[in-house]
Amino acid sequence: MTATLAALGAASPGIWARIGASVLQVAAVAAGGPLLLGLMGKVRARAEGRVGPPITQGLRDLRKLMRKEAIRAEHTSAVSGLAPLVLVASGAVGAAVTPLVTTRPAIAGGADVFVVVYLLLMGSVALALGGLDAGTAFGGMGSSRAMTIGAISEPALLVAILALAVQAHSSNLPDIVAASLAHPGWLASPQRLLALVALVVVVIAETGRIPVDNPSTHLELTMIHEAMILEYAGTDLALVTVGEAMRLGLLLGLVANLFFPWGIGGSGGPLAVLVGLVALGAKAAAIATLIALVEVSTAKVRLFRVPELLAGGFVLAVVAVTTGLVAR
Amino acid sequence: MTPHRLADPAPQRTSELIATGDLPTRARELLHAGFRLALVAGHDDGHALRVVYAFCAGPPDRRVELQVRLDPAHPAVPSLAALSFPASRFERELADLFGIEPVGHPFLRPLVRHQHWPPHWHPMRGDAGPTPPMLIDAEPFPFVPVEGPGVYEIPVGPVHAGLIEPGHFRFSVVGETILKMKARLWFVHRGIERLFEGRAVADGVVLAERISGDTAAGHTLAYCLAVEDALCVETPTDAQLLRAIVVELERITNHVADLGALCNDVGFGVAHARALTLRERLLRLAGEVTGHRLLRGAIRPGAATVRRLPTEAELAEVGGLVDELVELATSNTVVMDRFTGTALLSSDDARTIGALGVVARASGLPVDARVAHPFVDFGPGLVPIVEEGGDVLARFSVRAGEVAASLRLVAELGGSVRSLDASAGDVGRRSGSGMGIVEAWRGTIVHRVEIDAGHVVRCKVVDPSFLTWPALSVALADTIVPDFPLANKSFNLSYAGNDL
């Protein structure tokens, strides 16, 4: 709380400018997430020799869903309605505090690595509860699988970012990014490279991409994420879709800025923020393209192999932290 | 009408009317002599019900029919379930469609009959009449519950998330491991066999082409062979060669699609996309060869016509692309990990269940009707592709091997063809009974027809799926739930062909 107040107090670019930057970040993530998904779909399609849907398809689908009625399954409780809201809200708060287009978003002091990771976790848990709420076999199955994976991927995410925190002597994300910006040589340090690999594994798991989950499958029994949201329709589904896309945008933006912070707006004016926005988009798009290309070249691993993959990511993250501590 | 027919079957086929009581003894003898029960057909002759048991073995091609006439007051047959698992399935079908009681059947649950059918309505009986109104409040199917700590049920279908045929699967699961899977089918029961009744033999072709949409050529050929067997038609060799080529084209197209679909089910989209492109190419080739992308219209009773033959260059090009596709899939370690050891069907289980086609050959059984019951000389190039593994990989490999073998076979057979339009002429308005056996892409199809003055009195269809579906449940033991779609796709059995 003190840190938050301090951050608010130290309003060097002006509190309104910073609030504006945060709002821009939320908007960028909300609009950029679906575009990133569209881009990944397009890259996959092109690599497979197909034309594929346009990159804006995700946004069009959202517009379509927003016009539809939210039909809830029988016997559902308030959880079904709340889960999408919590998912979107947690994603929005995460996007507002994380250094995405500027290293000084509003309440920057509150953007601790734990806060952001737990915000993401909150969204996952809400969605899992939403999946359970209707009481169908598929929802339960999806939630159970998602939680199994989340139980390993969330700690790995935390520890991977912690490796950077050790290097930057701060667990505050804007400080980590600012320090990275000041020390470009850090990128080549072993703990950073290890943490980068670990983080990419986590991002793939958290966003339900191949080889962990297949976002385009129609096979109910293999689904993880899709199984949880089978009961959602209309505006509820639109919220879930936006929430999930924001999560993708946030995670990719985080990876981009933690490791490749160049271009991010610092304490400069609107121009710096604008440059930051373009840089964020370019970096996230580049990472999304790489992930999509990896997806094309691999298949979905057996469900019981997913924990092995994630455990590998976790081990890398732990090694990254240890390396960082030893290197100090 | 039957005595005449019984006296005059095709050379390799014998048919005799026996006493109901002798059935188990005679069936046991035949089964021990290496015959399999290929088909059981009920017949309503008006005054009495009759059941035909068709056993076959090969090579050399042997077909033995045992016929029993039933007591009109109490139609019953002694159950052969203890001798043959396929018999138990055929008997359940007889009980549902004809109301024939298989005495001594150990587990007589409904098979074709869905619970909303009115009681005592047997649609294949001559006096069944038009379809009566269905019951609205019906008892659910008596699934056997699996009990124990942590066991839960997952009901899936009959409506699925993807575009697949309707089938209900009831999984009993602990964690992610499948303890038991019961497939409840017959949601697309269209009464095909009934629709054959009364048709002129030539008109039966359009129906046979639609028994299972992806097996138009296979089912049509089985129907035509049965008709020709019944009417003693001497089909010209050229027609038989063209038919063989058309059926092999069907095998190639469907296997290619399956190779891609198996990759898609493990999320390896790039191989799927390539397979789809290749499949489209093959469909266009089929369109050019027969005038129909699904190979309809080329095969008719006593005749076969194509517009042109696939050229050697076309076949070689397809072969190269298929090799690339298989190489792409098998060189990917994740794909291989998913395929290997998944949904194991042991050779013993496959034999006991009576599995056919790709599934049987992937479990080490060299069953192939092209070898056992050839309708044309396939030449020395035909060797069944057999794998011992019994897992998804084995079924993938059998398909890959068969595509290559079929491409060679089409080229070889094409070299012997002298005419693209060969016909035995009018098949006439004769009478008789006959059987057609074809190794279609899924497995062995058997049709048995009885014809009276050029019109079909009865056509019994056995798609390999009917006999192979139970093998899927067996193969799923100890498989995990998320691997079910992959296992199911590796079997790729027909719902329509099974449900009829």
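For clarity, every value in this text was computed on a predicted model and none was experimentally measured.

K.L.:
Lay out the overall build of chain B in plain terms, naming residues and giving numbers.
P.N.:
Along chain B, the regular secondary structure elements total 17 helices and 15 strands. In terms of overall size, chain B behaves like a compact globule, its C-alpha atoms giving a radius of gyration of 22 Å where 500 residues would be expected to give roughly 23 Å. With the C-alpha coordinates of chain B rotated into their principal frame, the extents come out at 70 × 65 × 45 Å. Expressed as a percentage of contacts within chain B between residues at least 6 apart in sequence, the contacts between residues at least 24 apart total 68%.

K.L.:
Now, about the overall build of chain A: what can you tell me, with residues and values included?
P.N.:
Of regular secondary structure, chain A possesses 12 helices and 0 strands. Secondary structure elements of chain A occur, N-terminal to C-terminal, as α-α-α-α-α-α-α-α-α-α-α-α. Against the compact-globule benchmark of 20 Å for 328 residues, chain A has a radius of gyration of 19 Å, which places it among compact chains. Taking the principal axes of its C-alpha atoms as reference, chain A extends roughly 50 × 40 × 40 Å. Here chain A holds 328 residues, and 56% of them are scored as buried. In chain A, of all internal contacts separated by at least 6 residues, the share reaching a separation of at least 24 is 81%.

K.L.:
Tell me about helix 16 (residues 484–491) of chain B, residues and numbers included.
P.N.:
All names here are of chain B. With 8 of 8 residues buried, helix 16 is to be regarded as a mostly interior element. For helix 16, the full list of buried residues reads F484, P485, L486, A487, N488, K489, S490 and F491. In this fold, the buried residues of helix 16 make contact with strand 9 (177–184), helix 7 (237–265), helix 10 (333–339), helix 12 (357–362), helix 14 (392–416) and helix 15 (464–475). Among the residues trailing helix 16, N492 stands out with phi positive, at a value near 40°.

K.L.:
Mind laying out the interface of chain A and chain B, listing which residues take part and the relevant values?
P.N.:
Of the residues lining the interface, 23 residues belong to chain A; the matching set on chain B comes to 26 residues. Mapped by element, the contributors of at least two residues to the side of chain A that touches chain B are helix 2 (15–47) and helix 6 (137–168) of chain A.

K.L.:
With reference to specific residues and values, describe the sheet that holds strand 4 (residues 62–69) of chain B.
P.N.:
Residues and elements named next belong to chain B. One open sheet accounts for 4 strands, arranged 1-4-3-2; its pairing is mixed. Where the open sheet ends on each side, the last strands, each with one partner, are strand 1 (13–17) and strand 2 (36–44). Neighbour-to-neighbour, the strand axes of this sheet turn through a mean angle of 15°, independent of strand direction. Where strand 2 meets strand 3 (residues 49–57), 8 bridges bridge the pair, whose relative direction is antiparallel. Its bridge partner being in strand 3, D44 is matched across the sheet by L49. With respect to the sheet, helix 2 (residues 23–32) is in contact with strand 3 and strand 4, its orientation differing from that of strand 4 by roughly 170°. Where helix 3 (residues 85–98) meets the sheet, it contacts strand 2 and strand 3, and its direction lies at approximately 10° from that of strand 2.

K.L.:
Mind laying out the confidence of the model for chain A, listing which residues take part and the relevant values?
P.N.:
Residue and element names in this part refer to chain A. On average, residues of chain A score 86 in pLDDT, and 95% of them reach the 70 mark or higher. The spread of mean pLDDT over the elements of chain A runs between helix 1 (residues 2–9), the lowest at 42, and helix 4 (residues 78–97), the highest at 92. Here residues 1–11 is modelled with pLDDT under 50, and outside its nearest four sequence neighbours on either side it reaches 13 contacts, counting other chains as well.

K.L.:
Give me the sheet that holds strand 12 (residues 421–423) of chain B: which residues, what numbers.
P.N.:
Residues and elements named next belong to chain B. Across the sheet, which stays open at both edges, the 3 strands sit in the order 10-11-12 with antiparallel pairing between neighbours. Each edge of the open sheet is held by one strand with a lone partner, namely strand 10 (299–300) and strand 12. Looking at chain direction, strand 11 (residues 303–305) and strand 12 are connected through 3 bridges and run antiparallel. Residue pairing in the sheet places T305 in a bridge with D421 of strand 12.

K.L.:
Lay out the nonpolar core in plain terms, naming residues and giving numbers.
P.N.:
If you look at the biggest cluster of nonpolar residues, it comprises 260 residues, and the most contacted ones within it are A160(A), A163(A), A198(A), V255(A) and A317(A). For A198(A), the residues in contact, after removing those within four places along its chain, are A156(A), A160(A), G313(A), L316(A), A317(A) and A320(A).

K.L.:
Account for the packing of helix 14 of chain B against helix 16 of chain B, with residues named and values stated.
P.N.:
Residue and element names in this part refer to chain B. Running from N to C, helix 14 and helix 16 cross one another at 35°; their axes reach a closest spacing of 9 Å. At the point where helix 14 passes helix 16, the crossing takes the left-handed sense. Residues V392, R395 and F396 of helix 14 form the contact with helix 16, whose participating residues are L486, A487 and S490. Classifying every residue of the contact of helix 14 with helix 16 gives 4 nonpolar, 1 polar and 1 charged.

K.L.:
If you had to explain unusual backbone geometry to someone new, which residues and values would you point to?
P.N.:
The amide bond that connects I210(A) to the next residue, P211(A), takes the cis arrangement and shows omega of 10°. Cis geometry is found at the peptide bond from P59(B) to P60(B), where omega equals -5°. The residue P60(B) is located in the loop between strand 3 and strand 4 in this model. Positive phi outside glycine occurs at W186(B), with the angle close to 65°. Position of W186(B) among the secondary structure elements: in the loop between strand 9 and helix 4 (192–196). The backbone of N492(B) shows a phi angle near 40°, a positive value even though the residue is not glycine. If you trace the backbone, N492(B) turns up in the loop between helix 16 and helix 17 (496–499).

What counts and what doesn't
Residues numbered from 1 in each chain as written. Chains lettered and ligands numbered in written order. Predicted model: local features only at pLDDT ≥ 70, side-chain atom pairs only at ≥ 80, totals over all residues. Helix = DSSP H or I, 4+ residues; strand = E, 2+ residues; numbered from the N terminus. Rg over C-alpha atoms; globule rule 2.2 N^0.38 Å. Contact = placed C-beta atoms within 7 Å. Buried ≥ 20, exposed ≤ 12 C-beta atoms within 10 Å, placed from the backbone. Pairing = 2+ DSSP bridges. Axes fitted to C-alpha atoms, helices over the stretch in contact; angles between N-to-C directions. pLDDT = per-residue confidence, 0-100. Core = buried A, V, L, I, M, F, W, Y, C linked by C-beta atoms within 7 Å. Left-handed = near helix turned anticlockwise from the far one by under 90°. Nonpolar A, V, L, I, M, F, W, Y, C, P; charged D, E, K, R; others polar.

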